[in-house]
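Each chain, letter by letter, is given below.
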Amino acid sequence: MDVGDNVEKEQHYYDESYELFLPPQQMYMYTKQVFILLVHEVCGLHGFHLSGTVTEPATTSEPAVTYKVAISFDRCKITSVTCGCGNKDIFYCAHVVALSLYRIRKPEQVKLRLPISETLFQMNRDQLQKFIQYLITAHHTEVLPTAQKLADEILSSNSEINQVNGAPDPTAGASIDDENCWHLDEEQVKEQVKLFLSQGGYYGSGKQLNSMFAKVREMLRMRDSNGARMLTLITEQFMADPRLTLWRQQGTSMTDKCRQLWDELGALWVCIILNPHCKLEEKSCWLQQLQRWSDLDVCPLEDGNYGHELPNITNALPQNASHSPDSLSRPRRTVFTRAIEGRELHWQDSHLQRIISSDIYTAPACQQESERLLFNSQGQPLWLEHVPTACARVDALRSHGYPKEALRLTVAIINTLRLQQQRQLEIYKHQKKELLQRGTTTITNLEGWVGHPLDPIGCLFLTLTEACRLNDDGYLEVSDMNESRPPVYQHVPMATGCPNSHESYLSLALEVALMGMGQQRVMPEGLYAQDKVCRNEEQLLSRLQELQLDDELVQTLQKQCILLLEGGPFSGLGEVIHRESVPMHTFAKYLFSALLPHDPDLSYKLALRAMRLPVLESSTSTGDTSHPHHMVSVVPSRYPRWFTLGHLESQQCELASTMLTAAKGDTLRLRTILEAIQKHIHSSSLIFKLAQDAFKIATPTDSSTDSTLLNVALELGLQVMRMTLSTLNWRRREMVRWLVTCATEVGVRALVSILQSWYTLFTPTEATSIVAATAVSHTTILRLSLDYPQREELASCARTLALQCAMKDPQSCALSALTLCEKDHIAFEAAYQIAIDAATGGMTHSQLFTIARYMELRGYPLRAFKLASLAMSHLNLAYNQDTHPAINDVLWACALSHSLGKNELAALIPLVVKSVHCATVLSDILRRCTVTAPGLAGIPGRRSSGKLMSTDKAPLRQLLDATINAYINTTHSRLTHISPRHYGEFIEFLSKARETFLLPQDGHLQFAQFIDNLKQIYKGKKKLMLLVRERFG
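Residues numbered from 1 in each chain as written. Predicted model: local features only at pLDDT ≥ 70, side-chain atom pairs only at ≥ 80, totals over all residues. Heavy atoms only, no water.

As recorded in an unreviewed UniProt entry, the chain goes by Zinc finger SWIM domain-containing protein 5 and comes from Puma concolor.

### Let's talk about the overall build of the chain
Threshold: Labels follow the DSSP assignment, with helices taken as runs of H or I lasting at least four residues and strands as runs of E lasting at least two, numbered in each case from the N terminus. Partly exposed describes any residue whose relative accessible area lies between the buried limit of under 20% and the exposed limit of over 50%, with all areas from a 1.4 Å probe on protein chains only and scaled to the type maximum. Methods summary: accessible areas were calculated by the Shrake-Rupley approach with a probe of 1.4 Å, and residue burial reflects only the protein chains presented.
Secondary structure summary: the chain contains 41 helices and seven strands in total. Burial analysis of the chain (1033 residues in total) assigns 49% to the buried set. Within the structure as shown, the chain displays about 50,800 Å² of accessible surface, and the carbon and sulfur contribution to it stands at 52%.

### Quick notes on helix 11 (residues 280-295)
The periodicity of an α-helix, 3.6 residues per turn, causes residues three or four positions apart to be oriented the same way. Convention followed: Take the number of residues in a helix, subtract one, and multiply by 1.5 Å to get its expected span. As used here, the arc belongs to the directions running from the helix axis to the C-beta atoms. Residues are treated as being in contact if the distance between any of their heavy atoms lies within 4.5 Å.
When the terminal C-alpha atoms of helix 11 are compared, their 22 Å separation across 16 residues agrees well with the 22 Å that a helix rising 1.5 Å per residue should span. Every buried residue belonging to helix 11 is among Lys283, Trp286, Leu287, Gln289, Leu290, Trp293 and Ser294, and all of these are buried. The arc that holds the buried residues of helix 11, viewed along the axis, is 165°, so those residues lie on one side. When the buried face of helix 11 is taken as reference, the exposed residues oriented beyond 90 degrees from it are Leu280, Glu281 and Asp295. Of the surrounding secondary structure, the elements contacted by the buried residues of helix 11 are helix 8 (226-239), helix 10 (256-273) and helix 12 (337-341).

### Concerning the packing of helix 30 (residues 788-808) against helix 32 (residues 825-839)
Using the following cut-off: Angles here are taken between N-to-C directions and fall from 0 to 180 degrees, while the axes themselves are lines fitted to C-alpha atoms, restricted in helices to the stretch in contact. Here the word oblique covers every angle except those under 35 degrees (roughly parallel), over 145 (roughly antiparallel) and from 65 to 115 (roughly perpendicular). For this classification, the nonpolar set comprises Ala, Val, Leu, Ile, Met, Phe, Trp, Tyr, Cys and Pro, the charged set comprises Asp, Glu, Lys and Arg, and every other residue, Gly included, is treated as polar.
Here helix 30 crosses helix 32 at 10°, and the two axes come no closer than 10 Å. Comparing their axes, helix 32 and helix 30 come out roughly parallel. On helix 32, the residues touching Arg799, Leu803, Ala806 and Met807 of helix 30 are Ala827, Ala830, Ala831 and Ile834. Its residues assigned to classes, the contact of helix 30 with helix 32 comprises seven nonpolar, no polar and one charged.

### Brief notes about helix 33 (residues 845-857)
Here helix 33 spans 18 Å end to end across 13 residues, near enough to the 18 Å set by a 1.5 Å rise per residue. Along helix 33, the positions that sit buried rather than exposed are His845, Leu848, Phe849, Ile851, Ala852, Tyr854 and Met855. Buried residues along helix 33 sit in contact with helix 31 (810-820), helix 32, helix 34 (861-873) and helix 35 (887-900). At the C-terminal side of helix 33, Gly859 shows a positive phi close to 95°.

### Comments concerning the pairing of strand 4 (residues 49-56)
Formally: Two strands are counted as paired when DSSP detects at least two bridges linking them.
Counted residue by residue, strand 4 has seven buried out of eight residues, so it is predominantly covered. Where strand 4 lies against strand 5 (residues 65-74), eight bridges are found, and the strand directions are antiparallel. Bridge pairing links Thr53 to Lys68 in strand 5.

### Focus on unusual backbone geometry
Positive phi is not limited to glycine here, since Arg223 has a value of about 60°. Inspection of the secondary structure puts Arg223 in the loop between helix 7 (205-221) and helix 8. Of note, Asp455 is a non-glycine position whose phi angle comes to about 45°, a positive value. Within the secondary structure, Asp455 is located in the loop between helix 15 (403-438) and helix 16 (456-466).

### Considering the packing of aromatic side chains
What counts is decided by this rule: Pairing of aromatic rings covers Phe, Tyr and Trp, the last through its six-membered ring, and needs centres within 6.5 Å; plane angles under 30 degrees mean stacked, over 60 mean edge-to-face, and all others mean tilted.
Applying the stated criterion across every chain yields a total of 16 aromatic pairs. Ring plane angle 75° and centroid distance 5.8 Å describe the contact between Phe695 and Trp738, whose orientation is recorded as edge-to-face. Pair noted here: Phe695 is in helix 24 (residues 684-698) and Trp738 is in helix 26 (residues 732-746), with a separation of 43 residues, a long-range link. Comparing Phe695 with Trp738, the two get one shared label, buried. Both rings, one in Phe1007 and one in Phe1010, keep their centres 6.3 Å apart while their planes meet at 55°; by these two values the pair is tilted.

### Describing the pattern of salt bridges
Test applied: A side-chain nitrogen of Lys or Arg and a carboxyl oxygen of Asp or Glu constitute a salt bridge if their distance falls within 4 Å.
All chains considered together, the criterion is met by 39 salt bridges. Linking Arg333 and Glu341 is a salt bridge whose minimum nitrogen-to-oxygen distance equals 2.7 Å. Exposure remark for Arg333: the relative accessible area of 7% places this residue in the buried category. Looking at Glu341, the relative accessible area reads 11%, which means it is buried. As a salt-bridge pair, Glu766 and Arg732 come within 2.7 Å of each other at their nearest N and O atoms. With Glu766 in helix 28 (residues 764-775) and Arg732 in helix 26, the pair connects residues that are 34 residues apart, well separated along the chain. Relative accessible area serves as the criterion here: at 12%, Glu766 is assigned to the buried category. Here the salt bridges do not stand alone but share partners, grouping Arg217, Glu264, Asp395, Arg398 and Glu466 into one network.

### Structural notes on the side chain of Ser869
Relative to the helices and strands, Ser869 is located in helix 34. Judged by its relative accessible area of 14%, Ser869 falls in the buried class. Ignoring any residue separated from it by four or fewer positions in sequence, one finds Ser869 in contact with Leu908 and Leu911.

### A look at the environment of Ser294
Tracing the chain through its elements places Ser294 in helix 11. Relative accessible area serves as the criterion here: at 6%, Ser294 is assigned to the buried category. If near-sequence neighbours (up to four positions away) are discounted, Ser294 is found in contact with Cys299, Arg332, Thr334, Phe336, Thr337 and Ile340.

### A short note on a nonpolar patch on the surface
For the record, the criterion: Without a salt bridge and with relative accessible area above 30%, a residue can belong to a patch; like charges are then joined within 9 Å and nonpolar side chains (Val, Leu, Ile, Met, Phe, Trp, Tyr) within 5 Å.
A grouping of Phe131, Ile132 and Leu135 is seen on the molecular surface, where their side chains present a nonpolar patch of about 240 Å² in accessible area. Mapped onto the elements of the fold, Phe131 is located in helix 4 (residues 125-138).

### Topic: the pairing of strand 5
Summarising the sheet, strand 5 and strand 6 (residues 77-83) pair through six bridges and their orientation is antiparallel. Along strand 6, the bridge assignment pairs Ile71 with Val81. In textbook terms, the turn of a hairpin is the stretch between consecutive antiparallel strands, and for strand 5 and strand 6 this stretch comprises two residues, one of which, Arg75, has a positive phi near 50°.

### Structural notes on the confidence of the model for the chain
Counted only if it meets this: Per-residue confidence from the predictor is reported as pLDDT, which spans 0 to 100.
Confidence along the chain averages 84 in pLDDT terms, with 85% of residues attaining 70 or more. Predicted confidence is poor over residues 619-638, with pLDDT under 50, and the contacts of this stretch with residues over four places away or in other chains come to 57 contacts.

### Structural notes on the packing of helix 23 (residues 667-680) against helix 25 (residues 707-724)
Under the convention used in this document: In this scheme, a crossing is called left-handed if the near helix is turned counterclockwise away from the far one by less than a right angle; it is called right-handed if the turn is clockwise.
Viewed as axis vectors pointing N to C, helix 23 and helix 25 meet at an angle of 15°, and their least axial separation amounts to 10 Å. As far as their axial angle goes, helix 25 and helix 23 are roughly parallel. Of the two possible hands of crossing, helix 23 and helix 25 adopt the one that is right-handed. Note on element contacts: helix 25 touches helix 23 through Thr708, Leu709, Val712, Glu715, Leu716 and Gln719, opposite Thr667, Leu670, Leu674, Ile677 and Gln678.

### Topic: the side chain of Gln519
To keep it simple, the criterion reads: In protein, a polar contact requires one atom able to donate a hydrogen and another able to accept it; more generally it is a pair of N or O atoms within 3.5 Å, and residues adjacent in sequence count only if both atoms are side-chain atoms.
With respect to the helices and strands, Gln519 occurs in the loop between helix 17 (505-517) and helix 18 (527-544). Residue class for Gln519 comes out buried when judged on its relative accessible area of 4%. In this structure the side chain of Gln519 is engaged in a polar contact, spanning 3.0 Å, whose partner is the backbone nitrogen of Trp449. In this structure, Gln519 is in contact with Asn445, Glu447, Gly448, Trp449, Phe570, Gly572 and Met584, ignoring residues within four places of it in sequence.

### Examining the environment of Leu926
Looking at the secondary structure, you find Leu926 in helix 37 (residues 919-931). Those residues within four positions of Leu926 in sequence are excluded, and the remaining contacts are Thr951, Leu956, Leu959, Leu960, Thr963, Thr996 and Leu999.

Below is the structure:
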């Protein structure tokens, strides 16, 4: 069918003749799809009933399909639909939309007919009989049973059908007194909501439920009574969700996605209760239902914390409310409580009626005393009501299709907020001196507007921006890639009775968003409430970023920022804020970026003020860094449970990073920002991130290095070192390496500085193994192109550091100190002496062996021998430790002493005998010592005899005896707990023992005696002893 090119541009699809109407949300969903449908065999309009057939053309994979469609309508509303496609959705199927459009776009091709009852009335008896018989004949399989049943009832005088005058006519439409409403498949709504809830937020179910909420709002905006019906059906399914009972029994909270859906549900009920043209009986019915739901135990609470008290919707906030009332005394507030409280609100106030009904309502020339509070000094009307409640009225007007009225009330609310802001500023000016001296403030906003269940600031902002949106036809704008296009706004002058007012709704939208987000407010209790504050703030900021800042909006921005800075305790950016005030980091980041091109001084002042995070500070300065008396409250308070503290600290870091990037090259500003970071950021990881960011920005790959920002990166890195020096941090090694890299990039003076002040930055191990080693490396020398004096200065600092570290922690630093001092004889001797002195103390054999091997590698074998001897005295190797890691060190030490000569070997063997009790290790040492002659190291002044050493003479005789004894002791130890599966291994062990026993001349006799003893002592182990006889006789 050809429905024309401008289908999407028409907001309403309405046939004046026969009152056929399609809502725009249905039209948009199917506009593109119905282009390919073919409508034919339209039976015409029988009164208020339209029927026809719609064909889906064949495709490459599917044949053509034809569906029968019937539509009933009444007073601009489709009241029922039937389609053969069996559509299971709350929206009309494409076939219903196609038939409706066919009638709307081609009315001349649809024949108009009277209702069927009128046609039948014109027939005589013969015509009626013929009509019925032909109808039955054409559809005998479908109609005949029903026709026979009706005939039997009509012929029976006592039947129910004969008790009623006349007969129904589906084409005649409803009576004028009957309620008419859009067709809504209630069962389908229930099924879909139940299905989406059962998916628990997966597979896009949350998005589908939000789409249903949007459908409800669309219905309300069209004044469709189905809006409340559909919301009732949705709510019933939400209340029947079995997870509610499970969560309550387990004492767990619902998921965030589910929590957000419940919030939207509660806000929609507030809109319905506040419908300005709601009938009293309807409102009463809804309130009763809401109260029943609210009384159920499983009904979710408003804040998700089971008991946190929030102000009543009908009452303004008390100025000095207690912040932490006892939880047991708090009333139970559910997600429906605010809607239930709406029963007290009405629209009959004459001042309110004048506000919403006229753009030119101003103060009368002769005001009575009671009327002066209702207008500002310019004569513009004010609306003095609890702000979230007043905004709920605005949302109700918008939602029910009264955009102009909503806009007028919004302007009155903003004028009221302006007046309050002005009066608060005057109050603060009188108290400023006292507050700054005391450094304390009181909480004036327990209920913040950002993160509030009714989203008051978001409501006002959307109301104003909708009036300024270009090409807004009421539909979501979708591009070819199915991505939302950003909205385009223009300035629309305010329709006001004040001739001197040149403001636009767009500038007013920006102003109220800044006022709301800059409100000082206490952090709410509970994870969900705190997370909602962050989420709502991000939503508002994303909307603000859609505004293109022109001169008029920049002026509004500057003016409001100045007021926020001067606002004292009433502003989150004021000089004095409470310890538990919600931080302004994310908000300030937007303000900084928006203001920077237009007013740099103001942008930096504001961002620096916002850097504070009082909840982590006790009584430190939080105002401008130049003012010593700007203090947070030191009023005693519980330490709050800030579940989102990690997120808030990261936002604080993002604000600082944004400022650092913008201030690149400006030494004075960078110094101020650095001071603010060092003062207000308390996380070493975040400061390290800032240092890395600054370093990356200061050293771009495609341009020259910025020294100012590079120095800031170094300063931040040094602070990280100081903060983490005495605490455990798994990234510490990475931090140290990065700092050395940063100092290298800054220059040789920075390296010298960190080497000289190492004890305040690094542990001795870090200083020697990482810092000093990197500073004197060949790579660093080439990177900095150092001349000889500079290299010597660095080396001298490194040697001094090495000796200091070795004195402080010789166990960990002695080897590194020796390495760093290699090229300076005096320093090297000092490091060696430190190692020797520490050897008798707390150094382990492993550390001493490592240093000893290093000394041998450097050409000091006698010193290596001395250290190895000391290491041996620290070692104890048991009989069964034949895989001990120190075995290689022992073998090396013995080889070293053997190579030095007989005297050194004789000095070491007693130490070996005392420390090593493992027979296999001792036999290995013995074998090695008899293979070659001692004294082959080539020590000047010494000569080797060239003779092999005998095991029958000292010093090897002592080693031989110790080895034989070790075999004997080990044998007895192994036999004590031996199992049959180890018999073969034991026999091999005895074979090795025999090799050692046979070394002396009388060795065979000793071994035979040893075997005989075994047979006698362990004769109970018959199988083992049999194996021993087979092998050894």
